[in-house]
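Observations on the model geometry
Read off the chains here:
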Protein chains: 2
Amino acid sequence: MTPPRPLHFAAFVMNTASHITHGLWRAPDGDQIRFNDLDLWVDLAKRLEAGGFDAIFFADVVGLYGDYDGGWEHHAKLGLQIPSNDPLVILSALASHTEHLGLAFTAGPIQEAPFNFARRVSTLDHASNGRIAWNIVTSALENGWRNFGHDGLLAHDDRYAWADEYLDVLYKLWEGSWDDGALLADRASGVYADPTKIHKIHHVSERYRVEGPHLVAPSPQRTPLLFQAGSSPVGRDFAARNAEAQFIVSPDPENARKLIDDTRRLVEGHGRHRDDLKFFQGLSFVVGSTEEEARRKEADLEERIDIDGMIAHFGGSLGIDLGAYEADTPIDLIHTEGGQSGLAWLRESVDGRTPTLGDLTRLRARGTRVVGTPEQIADRLAQWRDAGVDGVNVINQVIPGSYDELIEHVFPVLRERGLARDGYAEGTLRRKLFGHDKLPDRHPAAQYRGAFAAAEVAA
Amino acid sequence: MTPPRPLHFAAFVMNTASHITHGLWRAPDGDQIRFNDLDLWVDLAKRLEAGGFDAIFFADVVGLYGDYDGGWEHHAKLGLQIPSNDPLVILSALASHTEHLGLAFTAGPIQEAPFNFARRVSTLDHASNGRIAWNIVTSALENGWRNFGHDGLLAHDDRYAWADEYLDVLYKLWEGSWDDGALLADRASGVYADPTKIHKIHHVSERYRVEGPHLVAPSPQRTPLLFQAGSSPVGRDFAARNAEAQFIVSPDPENARKLIDDTRRLVEGHGRHRDDLKFFQGLSFVVGSTEEEARRKEADLEERIDIDGMIAHFGGSLGIDLGAYEADTPIDLIHTEGGQSGLAWLRESVDGRTPTLGDLTRLRARGTRVVGTPEQIADRLAQWRDAGVDGVNVINQVIPGSYDELIEHVFPVLRERGLARDGYAEGTLRRKLFGHDKLPDRHPAAQYRGAFAAAEVAA
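In what follows, the accompanying structure is described. Note on numbering: residues in each chain are counted from 1, in written sequence order. Chain A is the first chain written and ligand 1 is the first ligand written, with later ones labelled in order. Restriction of local features to residues with pLDDT of at least 70 applies here, the model being predicted, together with a cutoff of 80 or more for giving and counting side-chain atom pairs; totals for whole chains, interfaces and linings are based on all residues. Side-chain numbers here rest on the full set of heavy atoms in the structure, without hydrogens or water.

1. A word on the overall build of chain A
Condition: In DSSP terms, a helix is any run of H or I states spanning at least four residues, a strand is any run of E spanning at least two, and both are numbered starting from the N terminus. Here the globule rule is a power law, 2.2 Å times the number of residues to the power 0.38, and the radius of gyration is based on C-alpha atoms. The buried label applies to any residue whose accessible area, calculated with a 1.4 Å probe on protein chains only, is under 20% of its type's maximum; exposed applies above 50%, and partly exposed to all values in between. In what follows, a contact means two residues having at least one pair of non-hydrogen atoms within 4.5 Å. Under the convention used here, a 1.4 Å probe and the Shrake-Rupley method define accessible areas, while residue burial counts only the protein chains that appear. By the counting rule applied here, Lys and Arg register as positive and Asp and Glu as negative, while His and the ends of each chain are not counted. To locate a charge, take NZ of a lysine, CZ of an arginine, CG of an aspartate or CD of a glutamate.
Within chain A, the secondary structure is distributed over 16 helices and 13 strands. Against the compact-globule benchmark of 23 Å for 459 residues, chain A has a radius of gyration of 23 Å, which places it among compact chains. Counting only C-alpha atoms and orienting by the principal axes, one finds that chain A spans roughly 75 × 55 × 45 Å. Counting all 459 residues of chain A, 62% fall into the buried class. For chain A, restricting intrachain contacts to residue pairs at least 6 apart in sequence, the fraction spanning at least 24 positions comes to 76%. Accessible surface, chain A: about 16500 Å² in total, of which carbon and sulfur atoms supply 49%. Averaging the coordinates of the 48 positive side-chain charges in chain A and doing the same for the 68 negative ones gives two points 4 Å apart.

Right under this line is the structure:
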């Protein structure tokens with residue numbers, strides 16, 4: 001008998017009006033409408049920790065989605081990720097009201113100089129006793145790049161080259177600038193830090209020159225837990241080299257298994273262990289006391305979802321304006337613009353008739369939706385786990401209801417079956433997930449440990 | 001009889017090992033040694049609010065001070081602002097544990113792209129219900145600039161030109177991008193925001209191109225309360241145009257009066273009202289139940305202050321390595337390097353004998369130190385107030401003791417005399433200080449209100 005392998009659970013949220021399940025902000029029991037209010041997030045973090053979630057995971061974008069109907073009026077009307085607030089700066093509040101919950105945020109290289117970013121993240125890793133995770137993105141929205149001095153989106157592979165360079169600076173600051181034992185804070189001798197163990201990094205590369213030293217003494221994790229969500233070949237290779245957790249959105253366990261196996265081979269190819277990268281599948285849940293109740297709730301949910309919003313989001317993330325098309329437009333008429341991958345699967349899913357744009361977005365949501373009784377949901381999650389998935393990034397319909405429901409009705413069944421853990425392990429987020437506080441020696445960041453000690457000291 | 005004019009009080013702190021009063025981190029009753037621990041700051045914020053402080057004010061630097069003894073070994077040993085943590089990212093924790101306390105932080109243009117900075121500050125202004133203040137600095141340490149891709153410090157006036165450009169982007173985002181009433185969040189109609197009231201800013205200047213729109217809906221203050229501390233002619237003019245509060249460190253009330261009168265004239269010259277800028281004098285306090293006890297405590301304090309640290313800090317901020325000189329070196333021997341302004345005053349202060357380097361740093365600290373019984377301190381503060389000072393930025397010897405002492409022993413006497421307020425006014429930090437939430441129309445930021453409404457809408 002294999003030992004039970006409990007899944008990890010993160011709450012997938014965004015500090016915005018409407019994140020993914022558009023239209024639901026109007027629900028009377030949806031509190032996300034109060035997203036400007038810090039109490040909403042503090043309260044949610046406390047509920048998640050009381051319920052046993054591993055982490056709260058904040059998605060983010062730094063610009064408008066691509067046009068719909070020739071502009072972004074529609075996005076503003078629907079609250080489609082505008083307004084949206086910064087996730088990083090609210091984490092210390094969540095840290096101060098929780099003890100175990102991991103705090104994951106999203107950011108990319110275009111936003112902030114690496115020296116400043118490194119310092120802010122280290123400050124937060126101290127403030128949270130080592131519970132910070134960073135979801136590394138390369139920012140794929142045209143408007144986002146134009147908010148940061150660029151003409152538009154950099155080519156995909158160039159964005160990853162930039163991210164590599166950014167990470168290189170950060171690894172030097174987080175892992176190499178301060179040796180272990182540099183911080184003494186010895187009242188008796190009056191020596192705060194040992195200068196022979198603190199080093200400038202003298203980084204010089206195409207985009208960056210950073211002298212150092214890092215201003216923050218080593219935090220509990222040093223480098224925060226590294227999340228990544230790239231699905232392109234370059235993105236997956238980047239994750240295989242750097243990431244410790246990958247956020248995936250596979251349509252089903254079988255596809256996930258293939259993706260995970262492939263990526264684990266890439267991880268090994270980079271000299272890391274196959275288990276150094278954990279996979280979090282994005283899923284949403286509709287829970288009923290009977291299957292019929294769950295199906296009724298799902299039908300009600302589909303009624304309330306704003307299909308135009310789903311289409312705008314889908315097209316806007318691809319940079320395709322789908323606004324000219326009604327939801328009942330057959331996909332055949334527009335697939336030349338959007339590509340037709342998955343069209344066969346789509347056709348099959350609608351019983352052979354010609355699928356429409358509305359079907360496409362509905363089915364995309366449905367593929368990651370698990371509907372049923374707590375027992376049925378547990379059965380399905382066992383399939384995801386057995387496909388190699390390590391955790392679930394839980395997409396909500398409403399905050400906090402979607403998480404409350406899972407915690408109250410589903411987690412007890414998952415715990416009985418060894419599909420969810422009972423109680424928290426002590427220590428940092430990385431220790432809870434991997435059993436150690438710092439990145440292992442085989443991670444590329446580790447190359448900088450001690451690397452600057454030989455250079456000139458304190459000069 | 002003039003109405004009583006109570007002073008405002010801010011706690012002047014830094015998220016670092018040793019901020020100003022070097023050596024005191026070793027004191028058994030000093031808790032700053034725990035500065036990595038978020039609880040230290042949360043606890044301090046709660047004490048300050050319970051005691052009636054207006055704000056907590058975080059100083060900051062983004063690099064090492066200039067060399068001492070040929071390097072920065074000495075700084076690290078003494079904890080002289082290294083290690084140091086970012087102040088911005090801990091503010092949401094303080095916001096979540098307080099209701100009235102203003103939250104002021106320091107940052108400058110070299111650290112972060114203006115689009116990102118604007119968004120983070122707006123997020124925090126929402127999270128704190130309008131209690132954020134920003135101390136605008138131009139970063140004067142060589143190493144700081146080399147941490148951000150520069151060869152070294154930009155010329156002084158060029159740094160202010162950059163700050164002007166940075167502010168211009170921020171003002172457009174904070175004041176011009178969203179009209180009042182744009183955010184509807186109307187569940188019934190399903191309209192989140194009115195796109196005709198949200199505008200791209202299309203900013204183009206020498207250093208910045210920022211398309212917009214701002215991603216955050218207007219926060220309670222829109223632009224955070226603006227602090228500044230420049231004392232050069234260019235710095236004071238910058239403050240006179242932009243700042244709402246200026247941090248000054250005058251040696252005595254008479255000097256303060258002259259500085260304040262001069263600066264208020266500059267403020268009026270820029271079309272603002274003379275009271276649109278408030279002046280916060282930096283002061284520290286030694287409180288005794290008798291004058292003798294206070295003097296004994298001061299003597300004990302001077303014993304414990306690390307004079308080498310004070311000299312290193314003084315020289316390091318001027319970019320002069322004073323490490324080659326003993327504390328008893330006569331100033332005459334080194335004044336050719338450091339300039340001799342104030343030397344006559346200094347000579348007078350040491351009864352006509354030749355002052356030494358140690359005297360210089362001791363006297364600098366003493367000039368802003370108020371020593372005595374609560375009644376004597378109240379007398380002195382009345383002099384500062386009558387010179388035109390609006391508030392005090394309270395320098396600590398130890399955290400939280402220096403603030404506790406003031407709150408417990410001095411504030412009651414100040415309240416009796418109308419020198420400190422009793423209880424908080426409701427509303428934002430700006431409303432508490434000025435009686436209104438937003439910048440007045442005569443402030444330069446106000447020029448962008450409605451400025452983008454005429455441009456193309458949502459395109």
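Once you've had a look at it, read on.
2. A look at the pattern of salt bridges
Test applied: A side-chain nitrogen of Lys or Arg and a carboxyl oxygen of Asp or Glu constitute a salt bridge if their distance falls within 4 Å.
Throughout the structure, instances matching the rule amount to 76 salt bridges over all chains. Put simply, Arg421 of chain B and Asp54 of chain B hold a salt bridge, and the shortest N to O gap is 3.1 Å. Of the two residues, Arg421 of chain B sits in the loop between helix H15 (401–416) and helix H16 (429–434) while Asp54 of chain B sits in the loop between helix H1 (38–51) and strand S2 (55–59), which places them 367 residues apart along the sequence. We classify Asp54 of chain B as buried; its relative accessible area is 8%. The closest approach of N and O atoms between Arg241 of chain B and Asp164 of chain B, which form a salt bridge, is 3.0 Å. A residue pair is termed long-range when its members are at least 10 positions apart, and Arg241 of chain B in helix H7 (residues 233–242) and Asp164 of chain B in helix H6 (residues 156–176) qualify at 77 residues. By relative accessible area, which is 23% here, Arg241 of chain B ends up partly exposed. A single network of salt bridges, built from pairs that share partners, joins Asp86, Glu112 and Arg120 of chain A together with Asp86, Glu112 and Arg120 of chain B.

3. A word on the pairing of strand S2 (residues 55–59) of chain A
Residues and elements named next belong to chain A. Note the following rule: By convention, orient the strands away from the viewer: a clockwise path from the first strand over the helix to the second makes the crossover right-handed.
Taking burial as the measure, the five residues of S2 include five buried ones, the bulk of the element. Because side chains alternate across S2, one face comprises the buried residues Ala55, Phe57 and Ala59, and the other comprises Ile56 and Phe58, equally buried. In the classification by handedness, the crossover that spans strand S1 (residues 8–14), the intervening helix H1 (residues 38–51) and the parallel S2 is right-handed.

4. What to know about the interface of chain A and chain B
The line we're drawing: Summed over both partners, the accessible surface that disappears when two parts come together, traced with a 1.4 Å probe, is what is meant by buried area. Any pair of N or O atoms that falls within 3.5 Å is considered a polar contact. Within protein, one atom must be able to donate a hydrogen and the other to accept it, and sequence-neighbouring residues count only if both atoms are side-chain atoms.
Contacts between the two partners involve 81 residues from chain A, matched on the other side by 81 residues from chain B. Approximately 7100 Å² of surface area, both sides summed, lies buried where chain A meets chain B, with 56% of it carried by carbon and sulfur atoms. Along the contact surface separating chain A from chain B lie 10 salt bridges. Between Asp60 of chain A and Arg119 of chain B there is a salt bridge, with its nearest N and O atoms 2.6 Å apart. Run the count over chain A and chain B and you get 54 residue pairs in polar contact (both at pLDDT 80 or more).

5. Things to note about the side chain of Asn393 of chain B
Position of Asn393 of chain B among the secondary structure elements: in strand S13 (residues 391–395). Asn393 of chain B has contacts with Ala10, Ala11, Phe12, Phe57, Phe247, Phe280, Gln281, Gly282 and Leu283 of chain B, leaving out every residue within four places of it along the chain.

6. Some details on the packing of H1 of chain B against H15 of chain B
Residues and elements named next belong to chain B. As a reminder of what qualifies: In this analysis an axis means a line fitted to C-alpha atoms, helices contributing only their contacting stretch, and an angle means the value between N-to-C directions, from 0 to 180 degrees. Should an angle fall under 35 degrees it is taken as roughly parallel, and over 145 as roughly antiparallel, whereas 65 to 115 is taken as roughly perpendicular and any remaining angle as oblique. All amino acids are sorted into three groups, where Ala, Val, Leu, Ile, Met, Phe, Trp, Tyr, Cys and Pro are nonpolar, Asp, Glu, Lys and Arg are charged, and the leftover types, Gly among them, are polar.
Interhelical geometry of H1 versus H15 gives an angle of 10° and a closest axis separation of 10 Å. Our classification of the angle between H1 and H15 gives roughly parallel. Between H1, through Leu44, Arg47, Leu48 and Gly51, and H15, the contact on the second element is made entirely by Tyr403, Asp404, Ile407, Phe411 and Arg415. Tallied by class, residues from the contact of H1 with H15 come to five nonpolar, one polar and three charged.

7. So, the packing of helix H6 (residues 156–176) of chain A against helix H7 (residues 233–242) of chain A
Packed helix pairs are characterised by how far apart their axes lie and by the angle those axes make with each other. Residues and elements named next belong to chain A. Note the cut-off: Note: crossing handedness is left-handed where the near helix turns anticlockwise from the far helix by less than a right angle, and right-handed where it turns clockwise.
For the pair H6 and H7, interaxial distance at closest approach is 10 Å and the crossing angle is 15°. The pairing of H6 with H7 is recorded here as roughly parallel in orientation. Pair H6 / H7 crosses with right-handed handedness. Of H7, the residues touching H6 (which contributes His156, Asp157, Tyr160, Ala163, Asp164, Leu167 and Tyr171) are Val234, Gly235, Phe238, Arg241 and Asn242. Residues belonging to the contact of H6 with H7 are distributed by class as follows: six nonpolar, three polar and three charged.

8. Some remarks on the nonpolar core
The line we're drawing: We call a set of buried Ala, Val, Leu, Ile, Met, Phe, Trp, Tyr and Cys residues a nonpolar core when their side-chain atoms join them within 4.5 Å.
Counting 187 residues, the largest nonpolar core has Phe53 and Trp134 of chain A together with Phe53 and Trp134 of chain B as the members making the most contacts within it. Those residues within four positions of Phe53 of chain B in sequence are excluded, and the remaining contacts are Phe9, Ala10, Ala11, Leu48, Leu101, Val394, Tyr403, Leu406, Ile407, Phe411, Arg421 and Tyr424 of chain B. Counting 32 residues, the second-largest nonpolar core is a separate cluster that includes Leu141, Phe280, Ile320 and Leu433 of chain B.

9. Looking at H7 of chain B
Of the positions making up H7 of chain B, those classed as buried are Gly235, Arg236, Phe238, Ala239, Ala240 and Asn242 of chain B. Taken together, the buried residues of H7 of chain B touch strand S4 (132–136), H6, strand S9 (225–228), strand S10 (245–248) and helix H8 (253–269) of chain B.

10. Comments concerning the packing of aromatic side chains
Residues and elements named next belong to chain A. For clarity, the threshold we go by: Centres within 6.5 Å make a pair out of two Phe, Tyr or Trp rings, where for Trp the six-membered ring is used; the pair is then stacked when the planes are under 30 degrees apart, edge-to-face when over 60, and tilted otherwise. Comment: the charge-over-ring label is applied if NZ (Lys) or CZ (Arg) is within 6 Å of the ring centre and within 35 degrees of the ring normal.
In total, this model carries 44 aromatic pairs over all chains according to the counting rule given. With a centroid separation of 5.9 Å and an interplanar angle of 45°, the aromatic rings of Phe117 and Tyr166 are classed as tilted. Placement of the pair is Phe117 in helix H4 (residues 114–127) and Tyr166 in helix H6, with a sequence separation of 49 residues. The residues Phe117 and Tyr166 share a single accessibility class, namely buried. Its end group placed over the ring of Phe434, Lys278 keeps NZ or CZ at 4.9 Å from the ring centre. The residue whose ring lies beneath Arg421 is Tyr424, and the NZ or CZ to ring-centre distance is 4.8 Å.

11. A look at the side chain of Asp276 of chain A
All names here are of chain A. As for its placement among the helices and strands, Asp276 is situated in the loop between helix H8 (253–269) and strand S11 (278–287). Residue classification places Asp276 among the buried positions, given a relative accessible area of 8%. Engagement of the side chain of Asp276 in a polar contact is seen with the side chain of Arg442, the distance being 2.6 Å.

12. Points about the relation of the copies chain A and chain B
Put simply, the test is: We superpose the copies by least squares over the C-alpha atoms of residues that have a pLDDT of at least 70 in both of them.
In the superposition of chain A on chain B (RMSD 0.0 Å, axial shift 0.0 Å), the rotation amounts to 180°. The two molecules are tied by a two-fold rotation axis, judged by turn and shift. Identified as the residue of chain A closest to the rotation axis by C-alpha distance is Ala93 of chain A, at 1.8 Å. Here 100% of the interface residues in chain A have copies in chain B that are interface residues too; the copies meet face to matching face.

13. Overview of unusual backbone geometry
All names here are of chain A. A cis amide bond links Ile82 to the next residue, Pro83, at an omega of -5°. Relative to the helices and strands, Pro83 is located in the loop between helix H2 (73–78) and helix H3 (91–96). In this model, Gly212 is joined to Pro213 through a cis peptide bond whose omega is 5°. Relative to the elements of secondary structure, Pro213 occurs in the loop between strand S8 (209–210) and strand S9 (225–228). With phi around 55°, Asn129 is a residue other than glycine that occupies positive phi space. Within the secondary structure, Asn129 sits in the loop between H4 and strand S4 (132–136).

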